[in-house]
Amino acid sequence: MAEQLAEETNTKRKAILDAARTLFTSKGYEETTIADIARAARVAVGTVYLYFHNKHEIYTAVALDVEAMIAQTLQDPALTELPFEQVPRAILEAVFRVSHQHMEMVSMLQVEIQTQNEITLHQKSTETITRALEVVLQYAIQRGQLAPFDTTMYALLLNLLGSVVIHQCFGVEHGEREEQFRESTIELFERLCFGPSLQQGKA
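Analysis parameters
Residues numbered from 1 in each chain as written. Predicted model: local features only at pLDDT ≥ 70, side-chain atom pairs only at ≥ 80, totals over all residues. Heavy atoms only, no water. Helix = DSSP H or I, 4+ residues; strand = E, 2+ residues; numbered from the N terminus. Expected span 1.5 Å × (residues − 1). Buried < 20%, exposed > 50% of the residue type's maximum accessible area, 1.4 Å probe, protein only. Contact = heavy atoms within 4.5 Å. Salt bridge = Lys/Arg side-chain N within 4 Å of Asp/Glu carboxyl O. pLDDT = per-residue confidence, 0-100. Core = buried A, V, L, I, M, F, W, Y, C linked by side-chain atoms within 4.5 Å. Axes fitted to C-alpha atoms, helices over the stretch in contact; angles between N-to-C directions. Parallel < 35°, antiparallel > 145°, perpendicular 65-115°, else oblique. Left-handed = near helix turned anticlockwise from the far one by under 90°. Nonpolar A, V, L, I, M, F, W, Y, C, P; charged D, E, K, R; others polar. Phe/Tyr/Trp six-rings, centres within 6.5 Å; stacked < 30°, edge-to-face > 60°. Lys NZ or Arg CZ within 6 Å of the ring centre and 35° of its normal.

## Describing helix α9 (residues 151–172)
Spanning 22 residues, α9 covers 30 Å between terminal C-alpha atoms, matching the ideal 32 Å at 1.5 Å per step. Listed as buried for α9 are T151, A155, L158, N159, V165, I166, H167, C169, F170 and G171. Looking at the packing, one finds that the buried side of α9 touches α6 (87–101), α7 (103–106), α8 (116–142) and α10 (178–194). With its phi angle positive at about 55 degrees, H174 sits one or two positions after the end of α9.

## So, the pattern of salt bridges
Scanning the model with the defined rule gives 11 salt bridges in all. One salt bridge connects D36 with K27, and the closest N-O pair in it is separated by 2.9 Å. Assessed through its relative accessible area of 39%, K27 is described here as partly exposed. Residue R39 is joined to D36 by a salt bridge in which the shortest nitrogen-to-oxygen separation is 3.1 Å. Taken as a pair, R39 and D36 lie in helix α2 (residues 34–41) at a separation of 3 residues, close to a single helical turn. Overlapping salt bridges bring together K14, D18, R21 and D65 as one network.

## Considering the confidence of the model for the protein chain
Scored by pLDDT, the protein chain comes out at a mean of 88, with 91% of its residues at no less than 70. Looking across the protein chain, the model is least confident in α7, with a mean pLDDT of 80, and most confident in α2, with 96.

## Observations concerning the nonpolar core
Across soluble globular proteins, you tend to see nonpolar side chains buried next to one another. Counting 31 residues, the largest nonpolar core has I70, L74, F84, I91, F96 and L133 as the members making the most contacts within it. Only α4 (55–74), α6, α7, α8, α9 and α10 provide two or more residues apiece to this core. With near-sequence residues (within four places) excluded, I91 lies in contact with L74, L79, L133, V136 and F189. Of all hydrophobic cores here, the second largest spans 19 residues; its members include A20, A41, V43 and I58.

## Side note on the packing of α6 against α10
It is at 9 Å that the axes of α6 and α10 come closest, and there the two elements cross at 150 degrees. Taken together, α6 and α10 sit at an angle that is classed as roughly antiparallel. In terms of crossing hand, the pair formed by α6 and α10 is right-handed. Residues P88, R89, I91, L92, E93, F96 and H100 of α6 pack against E178, F181, R182, E183, T185, I186, F189, E190 and F194 of α10. When its residues are assigned to classes, the contact of α6 with α10 shows 8 nonpolar, 2 polar and 6 charged.

## Notes on the packing of aromatic side chains
Overall, the coordinates contain 6 aromatic pairs when judged by the stated rule. Between F149 and Y154, the aromatic rings sit 4.8 Å apart at their centres with planes inclined by 50 degrees, giving tilted as the arrangement. Residue class for Y154 comes out partly exposed when judged on its relative accessible area of 36%. Cluster of aromatic residues (ring-pair linked, three or more members): F24, Y29 and Y59. In this structure, K55 packs its charged tip against the face of Y29, placed 4.3 Å from the ring centre.

Here it is in structure tokens:
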């Protein structure tokens, strides 16, 4: 009984988020109402409020879905099995691929944080992605492919940089310079890990 209830809860919540995602991208956030979302999800308005306090909370949840997909991609065990020379390209190509597939959602990554709960949710999402990057870096150090360094801070900085690049590429420019953004970001990551420095130019 408890499992059935949990499954029904997850199904309804997913339906609400799927409906909201479609409406936010087609009508825009301001023009979308809770009633619109309930109608599209085929649930009562009161049901929406059982899961979310307001429209902005739904918007935040939709935005965090994108980051969850990126985090799942970075947690792929296959990344730690690659020679580290291939890792920067593998990571960034995967992130760009997910972002391209969900381009309409990427603009939602830069949502305005309004409550302490939203701050906590965004922090957890950032920590998940950062931790996934850190695991890859630490594994490279353990295998002697990189010298020891502060992997936590480097992973966080890479995460923040990647978030800004993805938002600019897909949320602002709608993928018009996707290849340029992808290849330049890969090159920057590779220079950071392997050199040569920017002063020396390309190898």
